[in-house]
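Working through the structure, step by step
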Amino acid sequence: MFPRGSSSAGAPVPACDNDQESYECPLCHLVCTDYPVLQEHVELHLEESSFLEARNLSDVDLAQRIQNEEVRQQKEAARQEREDFQKLQRQYGLDGSGDYKQQLLKNMEKEVAQGRMQPSEYHKRKADMMESLAFGIDDGKTRTSGADHFHCSLGDRGWGCGYRNFQILLSSLLKNRIYQDCLKDHLSIPCIPKIQLLIENSWKEGFDPQGASHFDNRLQGTKAWIGACEIYSLLTSLSLKCQIIDFHQPTDPSGKHPRLFEWVLNYYKTDKENTAKVVFTSKPPIYLQHQGHSRTIIGIEERKNKSLCLLILDPGCTSQEMQKLLKGVDSKSLKLLQRFVTGLKHKQYQVVAIDGVLSAEEKAARRQASQLFVAQRIP
């Protein structure tokens, strides 16, 4: 700003008729007769100019801040998306963290280090594992003697329930004369890596291409979880006639699934009248899937009051627990098998049910239909 009394505030203007000296503002050309007034006027111009310049700078700064915040939010969203994706990969065994063999060896080494396994036992089990993997046949160590029950092991704990339920299904089917001819090339229970190979082969045949792409067409070498769609594809590729039923929401106001229980009851019912307390049928077990776990339905109990109770084999139960049940049925051991309507609390369930053998033509039709596969839903 100009110092007070400065002569540069404005140039003198020719005097008016009354000979009074005038001064013109160099910025807006306003004519003043009083020099101090002109100086204050010019200073107001300069203050306004400084204010406008500062405001312009503030606007630029605000715009820059907004842009920086948008960039930060975009980066944060991308980071969160990556973390969520990696979490899903870890959850479903697709993070490249190893496979059945690597997990089994690692966990057995921990058992030895913590004194729960002798080194000699470690080397024996390692040799048994290598033989099992070489032939693609389960070593039987997780099978409950006297039952079609397989439980998860140190090699598949946390992710292997789908594979173990397939072993339960296959073990039962091999004893059923209806399916023995169909399964003549699969008379031994496969180990988990072999089951992964069988599922990959079903994809190569053309079953469930959408599901195959989810796994990048590869299960071997991973700890990938499998569900109802993979079980359906595998069973169908083995020429077994099956269907997926999707109970996609509760059918009771309190969040229960009575329709699922009714469906299972109808599945196991026979056309013949039977007054026996226990009725045996040729119907195979049913694969039952919900978020995070799967089990196998082997029957249903209808009580005198018409309430229903599913009978279930759970891969999460150990052979020791199942052996207690086989030695003597009591109310405590029965809880391992029984699931009442109040015990199925998940929002959605899927079942895979087997009902016969496919002809070559039917199998080809199912392969084609699987390109546009949608599970049948129970409303």
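Residues numbered from 1 in each chain as written. Predicted model: local features only at pLDDT ≥ 70, side-chain atom pairs only at ≥ 80, totals over all residues. Heavy atoms only, no water.

If you look the protein up in an unreviewed UniProt entry, it shows as Zinc finger-containing ubiquitin peptidase 1 from Eublepharis macularius. Entered under Subunit (unreviewed entry) in the UniProt record, the comment concerning the protein runs "Interacts with RPA1 and RPA2." (UniProt positions renumbered as here; feature names shortened; annotations may be inferred.)

**Comments concerning the packing of aromatic side chains**
If you walk through the whole model with that rule in mind, you get 4 aromatic pairs. Both rings, one in Trp159 and one in Tyr163, keep their centres 5.8 Å apart while their planes meet at 80°; by these two values the pair is edge-to-face. Looking at Trp159, the relative accessible area reads 6%, which means it is buried. Judged by centre distance (4.9 Å) and plane angle (80°), the ring pair of Tyr267 and Tyr268 falls under edge-to-face. Just as Tyr267 is buried, Tyr268 falls in that class too. Ring pairs connect the aromatic residues Trp263, Tyr267 and Tyr268, which therefore count as one cluster. Directly above the aromatic system of Tyr267 lies the positively charged group of Lys283, at a separation of 4.5 Å from the ring centroid. (Phe/Tyr/Trp six-rings, centres within 6.5 Å; stacked < 30°, edge-to-face > 60°. Buried < 20%, exposed > 50% of the residue type's maximum accessible area, 1.4 Å probe, protein only. Lys NZ or Arg CZ within 6 Å of the ring centre and 35° of its normal.)

**Notes on the packing of helix α2 (residues 100-113) against helix α3 (residues 119-135)**
Put simply, α2 and α3 touch, their axes get as near as 10 Å, and they point 170° apart. As judged from the angle between their axes, α2 and α3 are roughly antiparallel. Two secondary-structure elements touch here, α2 through Tyr100, Lys101, Leu104, Leu105, Met108, Glu109 and Val112 and α3 through Pro119, Tyr122, Arg125, Lys126, Met129, Met130 and Leu133. In the contact of α2 with α3, the residues fall into 10 nonpolar, no polar and 4 charged. (Axes fitted to C-alpha atoms, helices over the stretch in contact; angles between N-to-C directions. Helix = DSSP H or I, 4+ residues; strand = E, 2+ residues; numbered from the N terminus. Parallel < 35°, antiparallel > 145°, perpendicular 65-115°, else oblique. Contact = heavy atoms within 4.5 Å. Nonpolar A, V, L, I, M, F, W, Y, C, P; charged D, E, K, R; others polar.)

**Remarks on the layout of surface pockets**
Of the pockets and cavities examined, the largest pocket occupies roughly 1,600 Å³. If you trace the largest pocket, you find 38 residues lining it, with Lys277, Val278, Val279, Ile300 and Leu311 closest to the centre. At the level of elements, α4 (161-173), α9 (258-268), β6 (293-302), β7 (308-313) and α10 (319-327) are the ones that each hand at least two residues to the lining of the largest pocket. Sorting elements by how many residues they give to the lining of the largest pocket places β6 first, with 5 residues. Here the residues of the lining of the largest pocket sort into 20 nonpolar, 7 polar and 11 charged. (1 Å grid on protein atoms, 1.4 Å probe; cavity = no way out; pocket = protein on both sides within 12 Å on 5 of 7 lines; lining within 4 Å. Points joined across faces, edges and corners; volume = space filled by probe spheres on them.)

**Quick look at the nonpolar core**
In this structure, Phe166, Leu183, Leu219, Ile231, Leu235, Leu240 and Val352 are the most contacted members of the largest nonpolar core, which totals 49 residues. Those elements giving two or more residues to this core turn out to be α2, α3, α4, α6 (192-204), α8 (228-237), β4 (240-247), α10 and β9 (349-357). With 6 residues, the top contributor of residues to this core is α4. Not counting the four nearest positions on each side in its chain, Ile231 is found in contact with Gly162, Phe166, Leu169, Ile226, Tyr287 and Val352. Formed by 21 residues, the second largest nonpolar core is a distinct cluster that contains Phe261, Trp263, Leu288 and Leu308. (Core = buried A, V, L, I, M, F, W, Y, C linked by side-chain atoms within 4.5 Å.)

**Things to note about the pairing of β9**
Extensive coverage of β9 is indicated by the burial of 7 of its 9 residues. With 7 bridges connecting them, β4 and β9 associate as antiparallel partners. Opposite Ile244, over in β9, you have Val352 as the bridge partner. Sheet topology places strand β5 (residues 286-290) next to β9; 5 bridges connect them, and they run antiparallel. Within β9, the residue paired with Tyr287 across the bridge is Val352. (Pairing = 2+ DSSP bridges.)

**Some words on a positive patch on the surface**
Taken together, the side chains of Lys324, Lys327, Lys332 and Lys335 present a region of like positive charge at the surface. Secondary-structure assignment places Lys327 in helix α10. The class for Lys327 is exposed, based on a relative accessible area of 73%. (Patch = residues over 30% accessible without salt bridge, like charges linked within 9 Å, V, L, I, M, F, W, Y side chains within 5 Å. Areas by Shrake-Rupley, 256 points an atom, 1.4 Å probe, with all protein chains shown as cover. Salt bridge = Lys/Arg side-chain N within 4 Å of Asp/Glu carboxyl O. Lys, Arg positive; Asp, Glu negative; His and termini not counted. Charge placed at Lys NZ, Arg CZ, Asp CG, Glu CD.)

**Quick look at the side chain of Ser172**
Mapping Ser172 onto the fold places it in helix α4. Ignoring any residue separated from it by four or fewer positions in sequence, one finds Ser172 in contact with Asp148 and Pro285.

**Here we look at the pattern of salt bridges**
Considering all chains together, one arrives at 13 salt bridges under this definition. Note that Arg143 is salt-bridged to Asp148, the shortest N-O span being 3.5 Å. The class of Arg143 is partly exposed, set by a relative accessible area of 31%. On the basis of relative accessibility, which here comes to 18%, the residue Asp148 falls in the buried class. Arg367 serves as the salt-bridge partner of Glu205, at 3.7 Å between the closest nitrogen and oxygen. Placement of Glu205 in the loop between α6 and α7 (209-214) and of Arg367 in helix α12 (residues 360-369) is noted, with a sequence separation of 162 residues between them.

**Regarding unusual backbone geometry**
The backbone of Asp208 sits at a positive phi, close to 50°, despite the residue not being glycine. Locating Asp208 in the fold gives a position in the loop between α6 and α7. By relative accessible area, Asp208 is classed as buried at 10%. A positive phi angle is found at Lys306, which is not glycine, with a value near 75°. By the element assignment, Lys306 lies in the loop between β6 and β7. On the accessibility criterion, Lys306 (60% relative accessible area) is exposed.

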